[in-house]
Every structure is written in structure tokens, then in C-alpha cells.
Amino acid sequence: MSHVCFLRILFFFVVFLLFFSPRSCTDVVCCVIFIIVILGYIALGTVAWIHGDPRKVVYPTDSHGQFCGHQNTPNAHKAILFYFNMLKCANPAVLINLQCPTTQLCVSKCPDRFSTLLDAWNTKNWDYYRQFCKPGFEIGSKVRPAADLVFSCLVASFSGSYSLSLCLSGIWHCYWEYDTLTGKPGADVAISDIGLHTDFSIYLQLSQTWLIFMISLSVIEVILFIMVIFLRMRLRIAIALLEEGSKAISHIMTTLFYPIITFFLLAICIAYWAVTAVFLASSGNAVYKVTPTDDACMYANLTCRPKTNITKVCPGAQCLFAFYGGESVYHRYILVLHLCNLFAFLWLVNFTIALGQCTLAGAFASYYWALKKPDDIPACPLYSSFSRAIRYHTGSLAFGSLILAVVQLARIVLEYLDHKLRGSQNACARFLFCCLRCCFYCLERFIKFINRNAYIMIAIYGKSFCTSSRDSFCLLMRNIIRVAVLDKVTDFLLFLGKLLISGSVGVLAFFFFTRKIPVIQEEVPSLNYFWVPLLTVIFGSYMIAHGFFNVYAMCVDTLFLCFCEDLERNDGSSSRPYYMSPGLHKILRRGEEGATLGTAS
């Protein structure tokens, strides 16, 4: 009994030192700078709101700087903005310019028909397709017959065995579709004979398409099966750690709801950045710039007048609306304000993520260091961890997120410069830019890894960011074999779980949108192109699964660091017992011996 009482007293003393002792604020200077930046960010948003034109926010603007759907304008009855090529919006320069480099028109409704240009001209439907062409457009002799009309529209009204099982079900479905289409008239046509079409449903009517899907899924199935066979011991270790994480989450169920708080805070940051960016971009008068079709035009991105014929000096180029600007001091430094807006946004987003990681780490560490689980787990561990992170470690979290934000801003600027200078670069310059982008990408990944483990040490010991980064890095280096065994395998299992959820939702959505579920056929809306909502549903389900699986990932990383610390501080004796569960200790020890033997051989 004396030993038991001594251990209980020792446990409560350790818990008091780790979680309930009066902590001092860490990295106070960075905390003060962070608060000043937030106040400055609020001032920047206020200035942008004063100088911006609300109409330019509410109403979309076409390539000629005219509002869509605004009264007393030529486009009063055309409230929808039509993009010629939406893919050009997927460009890093859009983050700064806030304008897609493609022709934009105001239309009354989105197109619901698809045709090549010559087919539309040679049929009686030209009056319909004419409304989606630039004013004054006429068919010329230089039109290429193979050019397709690609329409995009923006409405201004605005786990290892389960992955294997999913592949098997996909292989069965592909075989069933292939067997059904075999022998049907027109289904045996080769894909190469069909050519490129924007309507993907055409390919789903070919047996060769499903044969390709079936072969691809079979190859993936074989690869996954081989990985499961050769990595079975590491998978067992990772699964054991995930099971321990599941026990921790079952005792602290509130951690599953914390991603909602993170999502809410991130939504506020994104909304504030977007509104500020739009108001900054809508300040001043309309500015037009030369938008070439390739990078060979020497007048690219230079200002121009809307009625200027640019095609004489740059064939195919257009003088399109770019942004709103002026000649005042405010307008001359508008690019600097955009960069400040972007930098503050990146800092706040990274701080929000860091706050979530530190909060979850503190909650899960309180579970691990409880000698008698769950009786010794402190009350309200998530709330206590969140309070400690905000009260004492705002500066440390801001310090780590500041470093990451600087690297991310440098990557965005590099992408922007690479896009702007692409036409005038030589081979050496392109190689240099490629090396810089690769280096900054690797640096960002490394900093994220260091920050994540530093936040865990901050949540446990309450030290500064630099000290916690050093301690966590040294601790991981002293346990490099265990890190190699668990890190990537655990991430792979969690990734398979995300794929399982998003894939299952995607399959159900596919059957729903294609009306292959007889019970709800009448409730399904008629869609001309079901792949857009299908991909949206898959992406949304993956992001939701990613948010909740991050709780498991943070739990596993925290328990792993606590496990390494437990092994160094304790020896399993009656006076210094391990805080880990016996099952976890047994399987981790077995995995370590197997990894050591494998390295020696």
C-alpha cells in the first residue's frame, strides 16, 4: 500500500508540474508584435473599405470594366459573368492581381448546349451561340475547325483492408459495366477514334473506358496487397498506436468537435482576407492591360486603352480589364497593401492551425500521463489546454506561424515572378527558379514538421518555441528508428481512411447524379454535366474527413512523443513505472527489435 500511495502522490506531482503549475508567458515580444499586426490588419481593412466601391464587390465586372446586372447600364438584364476559360483562373498571379487572364462577358443565363464553333455557325443555332461571343465577332477564314467551345460560368447571384475492399468493389463494378457494354452497337469504338470531348459521359458509353478503369484498379489493388504483406509488422505497430489514440479520444470526446472551431476561425480569416482583397482591388478607376495568348508578346501586362487594336503588334492579344487603380499615393502602393493583406492572412491561418495543434496536444498529453486511466485524467482537458495555449503561449504559437508564413509568402512571390518572367527567361533562369521553388517547398515541409512537434512540447512543458523545437528535434533524433517505423506508415493508414470515406461518398454521389438509384430517381435534378457537382461532393467529403482525421494524427504524434519521453525518464520499475499501456509497450518494443534486426542484416 505504501508503494501505491507513493506512486499516486508522484503522479499528481508530475501532473501538477506539467499541467497545473503556474506557467510564465513565452515569447512575449512576438506576442506583442502579433497583436500589433492584427490591429494594423484591421486598419488596413478599414482603409480598403473606405476607398473601395461596394458596387464593384456586389456586381461582377466584364473584360470592359462594365458591371453585370446593375441598373442604368447596358448589362442591366445580364447578371451572370461568363468566363471563356475558367482554367486560366488557376494561376498564382490571381492571388495578387485578383483577375483571371481570360475574356469575360455579361450574359443573361449560362449556356446549356455544347458545340464546335463551325457546327454552331453552319446550323440554325448561331443566334443562340452568338450571345456568348465578344461583341462584333464574325466568323473569319483563320478559324480552326477543331476548336471547341469550352464554356465556364460563374453566377453572380451567388485502414489497410478497407482500402483493398474499395478497390475490389471498384474492379467488380468496372467489370460489370465492361461486360454489359461488350457487343452493344457503338460501344466497341476505340477512345482514340472518339477524340477529345468536354462531355465525359461519352467515354462512359465505351467498353474500352471501363476496361482501362478495371486494369488501373487491379494494378492499385496488387500494389496495396504487396505493401500490406511486406509492411505488416509496421502496420501492426501503427494500428496499435491508432488504437491507443482511439482510446484517448474516447475518453476526451470533445476533441472530435474541435475541428469545427478551427473551421470557424479559418472561415473568418478567409472571409476577411477576401473582402479586404476585393475592396483593395476595387479602389480607383478601371485599368486595362494587354493579355496575350502566349509569352512571346513584348507588350504583355502593359496598360492599354480598351479600343486599341493590339493584334497589330501582338497577334491574338486583347486589351482586357485588369483592375482598379489611380495615381494617388494610396493607389501607387496598392500592390504593397495586397502583399500585406496576404502576409497577415497567412500568419493568421497558420496561427489558427498552430492553436489547434497545441490545444489537442495538451489534451492528449493529459491522457497519456494519467497513471490510472481514466480516473486520473484532469477535468475538462480540452478547455484547460486551450486556456493555457491562449494565456501563456500565444507568443510561441505566433513565432512558429510567423516563420511558416514568411516561407509561404516567399513561395507565392516566386510563383508570381516565374509567371511574369516566363517569356523572357533563359535556360539558366528557369533552372534557378525551379531550384528555388523546390528548396522553398522542402523548407516549408520541414518547418511544418518542426513546428508540429514543438507545439506538442510547448503543450507539455510550457517552454518557449525555440527551446521546445530543440527538445522535440533532439528527442526524435534519439528515437530515429521508431520515427522511421511509425511516421509514414501511420500517415499512410490515415490517408487510406480519408480515401475510403471520400471514395464511398463519391460512389454514392455518382449513382445519385446518374439516376441509378431507383428509389430517388424523381428527386434527382436534371444535369447537363454531372461531373462538376460530383467532384465538388468528393472534394468536400475529403476535406471534412481530413479535418477530423487530423485529430487522430495529432493524437498519434502526441502519444508517440510522450512514449519516447516516457522511455527516457522511466525504466518500468515499481519506483519509476511506465505511463504507457502494457499492450502498447509490448508491441512497440517488438517493432523496435524487428527494425533493429532488419537494419543489422
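Rules used throughout
Numbers given to residues run from 1 along each chain, matching the order in which its sequence is written. Note on the predicted model: pLDDT of at least 70 is required for a residue's local features to be given, and 80 or more for side-chain atom pairs to be given and counted; whole-chain, interface and lining totals, by contrast, use all residues. Note that the side-chain values use all heavy atoms of the structure and ignore hydrogens as well as water. The way it works is that DSSP assigns letters per residue, a run of H or I at least four long becomes a helix, a run of E at least two long becomes a strand, and they are numbered from the N terminus. Relative accessible area decides the class of each residue, using a 1.4 Å probe on protein chains only: under 20% of the type maximum gives buried, over 50% gives exposed, and in between gives partly exposed. Here the nonpolar core consists of buried residues drawn from Ala, Val, Leu, Ile, Met, Phe, Trp, Tyr and Cys, with membership extended through side-chain atoms lying within 4.5 Å. Axes, fitted as lines to C-alpha atoms, cover a helix only where it is in contact. Angles between the N-to-C directions of the axes lie from 0 to 180 degrees. Should an angle lie under 35 degrees it is considered roughly parallel, over 145 roughly antiparallel, and from 65 to 115 roughly perpendicular; all remaining angles are considered oblique. Pairs of residues are marked as contacts when any of their non-hydrogen atoms sit within 4.5 Å. Three residue categories are used. Nonpolar comprises Ala, Val, Leu, Ile, Met, Phe, Trp, Tyr, Cys and Pro, charged comprises Asp, Glu, Lys and Arg, and polar comprises the others, including Gly. UniProt positions are given in the numbering used here, feature names are shortened, and annotations may be inferred rather than shown by experiment. The pairing test for Phe, Tyr and Trp rings, Trp by its six-membered ring, is centres within 6.5 Å, and the orientation test on the planes gives stacked under 30 degrees, edge-to-face over 60, and tilted for anything in between. Ring-over charges, as used throughout, are those where CZ of Arg or NZ of Lys falls within 6 Å of the ring centre and within 35 degrees of the ring normal.

### Quick notes on the overall build of the protein chain
No. 1: When its secondary structure is counted, the protein chain shows 20 helices and six strands.
No. 2: Looking at the protein chain residue by residue over its 601 residues, the buried ones come to 41%.

### Here's the deal with the nonpolar core
No. 1: Phe345, Tyr368 and Leu397 are the most contacted members of the largest nonpolar core, which totals 83 residues.
No. 2: The dominant element in this core, judged by the number of residues it contributes, is helix 13 (residues 334–368), at 20 residues.
No. 3: In this structure, Ile171, Cys174, Ala187 and Leu204 belong to the second largest nonpolar core, which totals 13 residues.

### Some remarks on the packing of helix 16 (residues 427–461) against helix 17 (residues 465–478)
No. 1: At a minimum axis distance of 8 Å, the contact between helix 16 and helix 17 shows a crossing angle of 105 degrees. Here helix 16 is positioned roughly perpendicular relative to helix 17, judged by the angle of their axes. On helix 17, the residues that touch Phe446, Phe449, Ile450, Asn451, Asn453, Ala454, Tyr455, Met457 and Ile458 of helix 16 are Phe465, Ser468, Ser469, Asp471, Ser472, Phe473 and Leu476.
No. 2: Across the contact of helix 16 with helix 17, the residue classes break down as ten nonpolar, five polar and one charged.

### Looking at unusual backbone geometry
No. 1: A positive phi angle, near 50 degrees, is found at aspartate 27, a position not held by glycine.
No. 2: Residue placement: aspartate 27 occurs in the loop between helix 1 (2–20) and helix 2 (28–51).
No. 3: Of note, the phi angle at cysteine 380 is positive, near 50 degrees, even though the residue is not glycine.
No. 4: Relative to the assigned elements, cysteine 380 resides in the loop between helix 13 and helix 14 (381–392).
No. 5: Overall, the relative accessible area of 53% leaves cysteine 380 in the exposed class.

### Points about the UniProt feature "transmembrane region" (unreviewed entry) in the protein chain
No. 1: Mapped onto the present numbering, the UniProt feature "transmembrane region" (unreviewed entry) falls at residues 6–21, 28–50, 210–231, 252–275, 345–371, 392–414, 492–514 and 526–549.
No. 2: Taken end to end, residues 252–275 is 75% helix and 0% strand, and its two terminal C-alpha atoms sit 37 Å from one another.
No. 3: In the segment residues 392–414, helix accounts for 96% and strand for 0%; the C-alpha atoms at its two ends are 36 Å apart.

### Here's the deal with the packing of aromatic side chains
No. 1: Under the defined criterion, the tally for this structure stands at 13 aromatic pairs.
No. 2: Their ring planes at 75 degrees and their centres at 4.8 Å tell us that tyrosine 41 and tyrosine 272 sit as a pair that is edge-to-face.
No. 3: For the ring pair tyrosine 455 and phenylalanine 465, a centre distance of 6.3 Å and an interplane angle of 45 degrees mean the geometry is tilted. Placement of the pair is tyrosine 455 in helix 16 and phenylalanine 465 in helix 17, with a sequence separation of ten residues. A single burial state applies to tyrosine 455 and to phenylalanine 465, both of which are buried.
No. 4: Positioned above the aromatic ring of tyrosine 461, the side-chain terminus of lysine 463 is 5.6 Å from the ring centre.
No. 5: Positioned above the aromatic ring of tryptophan 369 is the side chain of arginine 569, whose terminal nitrogen or guanidinium carbon lies 4.8 Å from the ring centre.

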